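# Fold and geometry: a report
Next come the chains, spelled out residue by residue.
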Amino acid sequence: MSIEQADVLLVGTGPAGSAFLRAFRRVNSRARVVAVERDPHPRDKVCGDALTFLSLPLVQQLFPEASIVPSSSFTRVYRFYIDGTRYIEGSDGQLDVVPRRDLDASLWGTAVRDGV
């Protein structure tokens, strides 16, 4: 299918794009969707492995068939750099580690099975 024939054009097929598609498909399963992505799957992303422990149940609710298993690594203390000098840090929760390659492959695989 070409872009001109699509009802929806999705740019970006990472976790947010995959989640959008899953939610959209629940409302409109007949829409013709074309997705474009800069990088092929599976891919790695430096900032992409940390998920809050609260996010995993939400991801599993939206993608019940996806096999997303945190690694044995986790941290309660974290620091996210914004621009190399500024950062956000905390020790208010737990960050599970799910390799981004595995997360993307699992979530995007559901979109492909949904006919995207």
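Overview of the structure. Since the model is a prediction, treat every value here as computed from it, not as a measurement.

Reading the values: rules and limits
Residues numbered from 1 in each chain as written. Predicted model: local features only at pLDDT ≥ 70, side-chain atom pairs only at ≥ 80, totals over all residues. Heavy atoms only, no water. Helix = DSSP H or I, 4+ residues; strand = E, 2+ residues; numbered from the N terminus. Buried < 20%, exposed > 50% of the residue type's maximum accessible area, 1.4 Å probe, protein only. Contact = heavy atoms within 4.5 Å. Areas by Shrake-Rupley, 256 points an atom, 1.4 Å probe, with all protein chains shown as cover. Core = buried A, V, L, I, M, F, W, Y, C linked by side-chain atoms within 4.5 Å. Polar contact = N/O pair within 3.5 Å; in protein donor to acceptor, adjacent residues only side chain to side chain. Axes fitted to C-alpha atoms, helices over the stretch in contact; angles between N-to-C directions. Parallel < 35°, antiparallel > 145°, perpendicular 65-115°, else oblique. Left-handed = near helix turned anticlockwise from the far one by under 90°. Nonpolar A, V, L, I, M, F, W, Y, C, P; charged D, E, K, R; others polar.

### Points about the overall build of the protein
- On a plain count of helices and strands, the protein comes out with 3 helices and 7 strands.
- Expressed as a percentage of its 116 residues, the buried residues of the protein come to 34%.
- Here the analysis covers contacts within the protein between residues at least 6 apart in sequence; of these, 66% occur between residues at least 24 apart.
- Working note: accessible area of the protein is about 7,600 Å², and carbon and sulfur atoms make up 56% of it.

### Observations concerning the nonpolar core
- With 10 residues, the main nonpolar core is built from Leu51, Leu56, Val59, Leu62, Phe63, Ala66, Ile68, Val98, Leu103 and Leu107.
- Elements with a contribution of two residues or more to this core: helix H2 (55–62) and helix H3 (100–113).
- Examining the composition of this core, we find that 3 residues originate from one element, H2, more than from any other.
- Counting 8 residues, the second largest nonpolar core, distinct from the first, contains Leu10, Leu21, Ala31 and Val33.

### Some remarks on the side chain of aspartate 104
- With respect to the helices, strands and loops of the structure, aspartate 104 is situated in helix H3.
- Residue classification places aspartate 104 among the buried residues on the basis of a relative accessible area of 1%.
- Of the polar contacts made by the side chain of aspartate 104, one reaches the side chain of arginine 100; its length is 2.8 Å.
- Setting aside residues no more than four positions away along its own chain, aspartate 104 makes contact with Gly14, Pro15, His41, Arg43 and Gly109.

### So, the packing of helix H1 (residues 15–27) against H3
- Across the interface, H1 lies against H3 with an axial gap of 9 Å and an inter-helix angle of 25 degrees. In this view, H1 runs roughly parallel relative to H3, as classed from their interaxial angle. The handedness of the crossing between H1 and H3 comes out as left-handed. Contact residues: Pro15, Ser18, Leu21 and Arg22 in H1; Arg100, Leu103, Asp104, Leu107, Trp108, Thr110 and Ala111 in H3.
- For the contact of H1 with H3, the per-class residue count stands at 6 nonpolar, 2 polar and 3 charged.

### With respect to the environment of valine 36
- Relative to the elements of secondary structure, valine 36 occurs in strand E2 (residues 33–36).
- Residue classification places valine 36 among the partly exposed residues on the basis of a relative accessible area of 30%.
- With 33 residues separating them in the primary sequence, valine 36 and isoleucine 3 have C-alpha atoms 9.4 Å apart.
- Residues in contact with valine 36, not counting those within four places in the same chain, are Leu9, Leu10, Val11, Gly12 and Thr13.

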